[in-house]
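Structural overview for review
Spelled out, the chains give:
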Amino acid sequence: MKRLIQFELRKLFSRRLTQAAILVLLLFSLLSNLSLYQGRYAYDGDSQEGWGRKAVEIDKAVAKKYEGILTDKTVARMMEDFKIDEEKDLRGANAIYVYENATQSAAFLRFAASDGSWNGKSVFEVFGQEKIKIGFIDGWMSVSQNLIRISLLLAVVVILMTAPVYCGEYAGVDALIFTSRYGRTLCPAAKAAAGLLAAFTVTAGTVLLNLGLGFCLYGTEGLDCSILFHTVEYAERGVPFNLTCRTLLAYQVLLAFTGTVSTAAVTLFVSVLSKNPLTALAISGGLYFLPIVVSVAESHPLFRYVVLLPVYHAQFCSLMSVEQMKNGLLYAMWALPFAVLLTLACTGLSLSGWRRHGLF
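Since this is a predicted model, take the numbers as computed values, not measurements. (Residues numbered from 1 in each chain as written. Predicted model: local features only at pLDDT ≥ 70, side-chain atom pairs only at ≥ 80, totals over all residues. Heavy atoms only, no water.)

**With respect to the environment of Arg40**
We apply this condition: Numbered from the N terminus, helices here are DSSP runs of H or I no shorter than four residues, and strands are runs of E no shorter than two. In what follows, a contact means two residues having at least one pair of non-hydrogen atoms within 4.5 Å. Polar contact is the term for a pair of N or O atoms within 3.5 Å; when the atoms are in protein, one must be able to donate a hydrogen and the other to accept it, and sequence-neighboring residues count only if both atoms are side-chain atoms.
Note on placement: Arg40 falls in the loop between α2 (16-38) and β1 (41-43). Those residues within four positions of Arg40 in sequence are excluded, and the remaining contacts are Gly50, Trp51, Gly52, Ala55, Val56, Asp59, Phe136, Asp138, Gly139, Ser142 and Tyr218. A distance of 3.2 Å separates the side chain of Arg40 from the side chain of Asp59, its partner in a polar contact.

**Describing the pattern of salt bridges**
Heads up, the condition is: Whenever Lys or Arg places a side-chain nitrogen within 4 Å of a carboxyl oxygen from Asp or Glu, that contact is recorded as a salt bridge.
In total, this model carries nine salt bridges according to the counting rule given. Between Arg40 and Asp59 there is a salt bridge whose closest N-O contact spans 3.2 Å. Of this pair, Arg40 sits in the loop between α2 and β1 while Asp59 sits in helix α3 (residues 53-66), and the two are 19 residues apart along the sequence. The shortest N-O distance in the salt bridge between Glu80 and Lys83 comes to 3.2 Å.

**Concerning empty space enclosed by the protein**
Empty space among the atoms becomes apparent when a probe as large as a water molecule is rolled across them. Heads up, the condition is: Definitions used for this entry: grid spacing 1 Å over protein atoms alone; cavity, a set of points where a 1.4 Å probe fits but cannot get out; pocket, an open set with protein on both sides within 12 Å along at least 5 of 7 lines; lining residue, one with an atom within 4 Å of a point. Grid points are joined across faces, edges and corners, and a volume is the space filled by probe spheres set on the points. In this count, Pro and Cys sit with the nonpolar residues alongside Ala, Val, Leu, Ile, Met, Phe, Trp and Tyr, while Asp, Glu, Lys and Arg are called charged and the others, Gly among them, polar. Start and end positions for the domains come from either an automated domain assignment or a database one.
According to the stated counting rule, one finds five cavities of 30 Å³ or more in the structure shown. Lining the largest cavity are 14 residues, and of these Ala102, Thr103, Gly135, Ile137 and Phe229 sit closest to its centre. Ranked by residues supplied to the lining of the largest cavity, first place goes to helix α5 (residues 102-111) with three residues. Its residues assigned to classes, the lining of the largest cavity comprises eight nonpolar, four polar and two charged. Each of two domains, domain 1 (2-36 + 138-356) and domain 2 (42-134), supplies a minimum of three residues to the lining of the largest cavity.

**Quick notes on the environment of Trp140**
In this fold, Trp140 is placed in helix α7 (residues 138-162). Trp140 sits 78 residues away from Tyr218 along the chain, and the two C-alpha atoms are 7.3 Å apart. If sequence neighbours within four positions are ignored, Trp140 has contacts with Leu211, Gly214, Phe215, Gly219, Thr220, Glu221, Leu223, Cys245 and Leu249. One polar contact links the side chain of Trp140 to the main-chain carbonyl oxygen of Gly219, over a distance of 3.0 Å.

This is the structure we're talking about:
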């Protein structure tokens, strides 16, 4: 069985379409991270200004002045240090959208009036009882947000890889193997195992590459700081719970694996029932993106169930934003047993239903 799985894995990764798709995925990961890095801007409010690496250095230096648990005294210091010069014309714009550096933007988003002065709110009024540790989190928040786009592309790559696993070989040598007792039992199982392992391997490689780029570009600063003190850029896409960047990324990586492996299982089942790879690819892709095409409002009762589907594992902000459960676990943790059940169900259906291939 082990040799069969190895043989199937070699077939999967030797396909030119698979190799091209993985190459595109890795290049996109590299270029998108570097693009975000080079596009960063920061000004310390005095004399230092820059883009890219210089901006990261400025942001880290500014954050260093205020790092630690956020207090009213810290807020007062920030609002005094970042106050808008009277000679500066905002041209009617709200001061919370003024961006000089990540720390200033985060402070203005929560504690600035429209003219840039302190709005009088205390830390308790904004964050309640939560203890907010602040520091330079903008780099890792960028990595996290970029992973959403990369995870969607990763799912497409997994679908491309696994769509031909069964239907792509019904007319080939496997058609003869399937007629034997050996083929009826071990061959379909080896194909399913290879498809799931391939999805896991590509996901692991993609995650390691992106986290490695994050360490190289931003270092370890901010990993133990709260994501709630983010800039205005993440205001509408943030997770509303007091997590550290490290914890957020851990959830996101876990959801990346659950999403891609369960997507591979669904694609394998579609492959069993399809007449050709193109049909399997179209149906699998349609099923994957259907939940966000036919969107369900977050206020609708069905959303708590729809959000457990694989596409929302990639778009993890929606899943991580669902109301926290009473026992302290995020609702996102329900995605793990759901993904396991979906993977087992689709894999079992694939193994038992390959004889009835060609329904689509």
